[in-house]
Amino acid sequence: MTDRATTHAIGMEAATPPLSNRHFRGQVVEAEEIAPRIWVHGYRLPEVARRAQPGQFVHLRLNDGTAPLLRRPFSVLDVYPGDGVARILFKVVGTGTQILAGKRPGDDIDVLAPLGSAFQVPENVRRLTLAGGGIGMVPLYFLAKELTAARPGIELDYWFGARSAEEVYLLEDLRQWCKRVEAVTEDGSAGRKGRLPDYAQEWRGADMIATCGPIPMLRAIQATTADWPVPVHAALESFMGCGLGACLGCVLDTVDGFERVCTEGPVFDLRRLNLEVPA
Ligand SMILES: Cc1cc2nc3c(=O)[nH]c(=O)nc-3n(C[C@H](O)[C@H](O)[C@H](O)COP(=O)(O)OP(=O)(O)OC[C@H]3O[C@@H](n4cnc5c(N)ncnc54)[C@H](O)[C@@H]3O)c2cc1C
Ligand code: FES
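Not measured: the values here are computed from a predicted model. (Residues numbered from 1 in each chain as written. Chains lettered and ligands numbered in written order. Predicted model: local features only at pLDDT ≥ 70, side-chain atom pairs only at ≥ 80, totals over all residues.)

Novice: Explanation requested: the environment of arginine 192 in the structure shown.
Specialist: Along the polypeptide, arginine 192 turns up in strand 10 (residues 192-193). Between the C-alpha atom of arginine 192 and that of glutamate 264, which follows or precedes it by 72 residues, the distance is 35 Å. Filtering out sequence-adjacent residues up to four positions away, arginine 192 remains in contact with Glu182, Val184 and Tyr199. (Helix = DSSP H or I, 4+ residues; strand = E, 2+ residues; numbered from the N terminus. Contact = placed C-beta atoms within 7 Å.)

Here it is in structure tokens:
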């Protein structure tokens, strides 16, 4: 991927002042469909670009009217603090993401961000396996990029699970940062055939596992790694209302009772989660 310093020229005038310390208005500076129904957007949001950490998300207002009424959450893909730009990657799945895909450079956006918890990688981790299923690759992309810059010498293995080849993207970026990049597709059209958890035994030897993806995938990884002597952290998705901890619309069952994905999460110790209860 190119140096974004030259591509985020739109909206370089001072951004609109923040509405609160987590409510901002900015502009779209990049909108590219990188694969069918998969979009990367860059937003001029200097404060978010400065503060966001891997695992955190933005809660986007998509319409001035009532449809959709609720904001939509998206993980941060990466940030360019020098440009004041934060990026997301999203898949068009319904009304809100369809509206978002229609936005173009120069359009205004309204976000609550950065929200939620971030991945914490202990200093003694020398080898980290990142396992992202589908759109779950997003926070792990950010983590791989940030760790490469902050921790020279850390060894990263990146496993990207998808249905088919057309849902595998950004591998060239990942290869810059990771010692090993493996694609796993359900139909075998790219990389290895199967589902990510089928290959989890190959992650043995890592000092830590970081993962994100659909609940069945997380459940399988939880079962496989249950007695491994290393931390296994997961970024969760759930349906969200407020995004700020107030509505309890996003709760998830844990060993300590219900916790909010938007506030205590989205990054959790995977072993603390009861994934048998529907989120
Ligand atoms: C913390 C967090 C981070 C996320 N990060 C990303 C990201 O980086 N990129 C991305 O593309 N999406 C991400 N999502 C999911 C994204 O928020 C939803 O895809 C989006 O809200 C769908 O809005 P919509 O109006 O287009 O779809 P809707 O019309 O609301 O729903 C369309 C379909 O998608 C399903 N769906 C909607 N939201 C979710 C959800 N949260 N989990 C599972 N299924 C859902 C619905 O059941 C329905 O079948 C994230 C969600 C959370 C909670
Ligand atoms: S979305 Fe409202 S509490 Fe999490």
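Moving on from the model shown.
Novice: What is the right way to read the nonpolar core from this model?
Specialist: For soluble globular proteins, nonpolar side chains are generally found buried alongside one another. Formed by 76 residues in total, the largest nonpolar core has its most connected members in Leu130, Ala144 and Tyr158. Here this core gets 8 residues from one element, more than from any other, and that element is helix 3 (residues 137-150). When residues of this core are sorted by domain, at least three fall in each of domain 1 (4-115) and domain 2 (127-272). When sequence neighbours within four positions are dropped, the list of residues in contact with tyrosine 158 reads Leu130, Leu140, Ala144, Leu174, Cys178 and Val181. (Core = buried A, V, L, I, M, F, W, Y, C linked by C-beta atoms within 7 Å. Buried ≥ 20, exposed ≤ 12 C-beta atoms within 10 Å, placed from the backbone. Domains from an automatic or database assignment.)

Novice: Whenever I open this one, the domain arrangement of the chain confuses me. Can you help?
Specialist: Partitioning the chain into domains gives domain 1 (4-115) and domain 2 (127-272). Put simply, the middle of domain 1 and the middle of domain 2, counted by C-alpha atoms, are 22 Å apart. Taken together, the contacts link 19 residues of domain 1 with 19 residues of domain 2. Listed by contribution, the elements that provide at least two residues to the side of domain 1 that touches domain 2 are strand 1 (23-35), strand 3 (57-61), strand 4 (72-80), strand 5 (85-91) and strand 6 (108-115). With 5 residues, strand 4 is the largest single contributor of residues to the side of domain 1 that touches domain 2. The residue makeup of the side of domain 1 that touches domain 2, split by class, is 13 nonpolar, 3 polar and 3 charged. (Nonpolar A, V, L, I, M, F, W, Y, C, P; charged D, E, K, R; others polar.)

Novice: Help me out: how do you make sense of the sheet that holds strand 12 (residues 232-235) in this one?
Specialist: Across a sheet, strands are paired by hydrogen bonds formed along the backbone, either parallel or antiparallel in direction. Strand order in the open sheet formed by 7 strands is 10-9-8-7-11-12-15, and the pairing between neighbours is mixed. Of all strands in the sheet, those bounded by a partner on one side alone are strand 10 and strand 15 (267-269). (Pairing = 2+ DSSP bridges.)

Novice: Whenever I open this one, unusual backbone geometry confuses me. Can you help?
Specialist: If a residue is not glycine, its phi is most likely negative; likewise, a peptide bond is most likely trans. Here alanine 113 and proline 114 are connected by a cis peptide whose omega angle stands at -10°. Looking at the secondary structure, you find proline 114 in strand 6. Of note, the amide linkage connecting glycine 265 to proline 266 takes the cis form, showing an omega dihedral of 10°. Looking at the secondary structure, you find proline 266 in the loop between strand 14 (257-260) and strand 15. We note that leucine 248 has phi near 60°; this positive angle belongs to a residue other than glycine. Residue placement: leucine 248 occurs in the loop between strand 12 and strand 13 (251-254).

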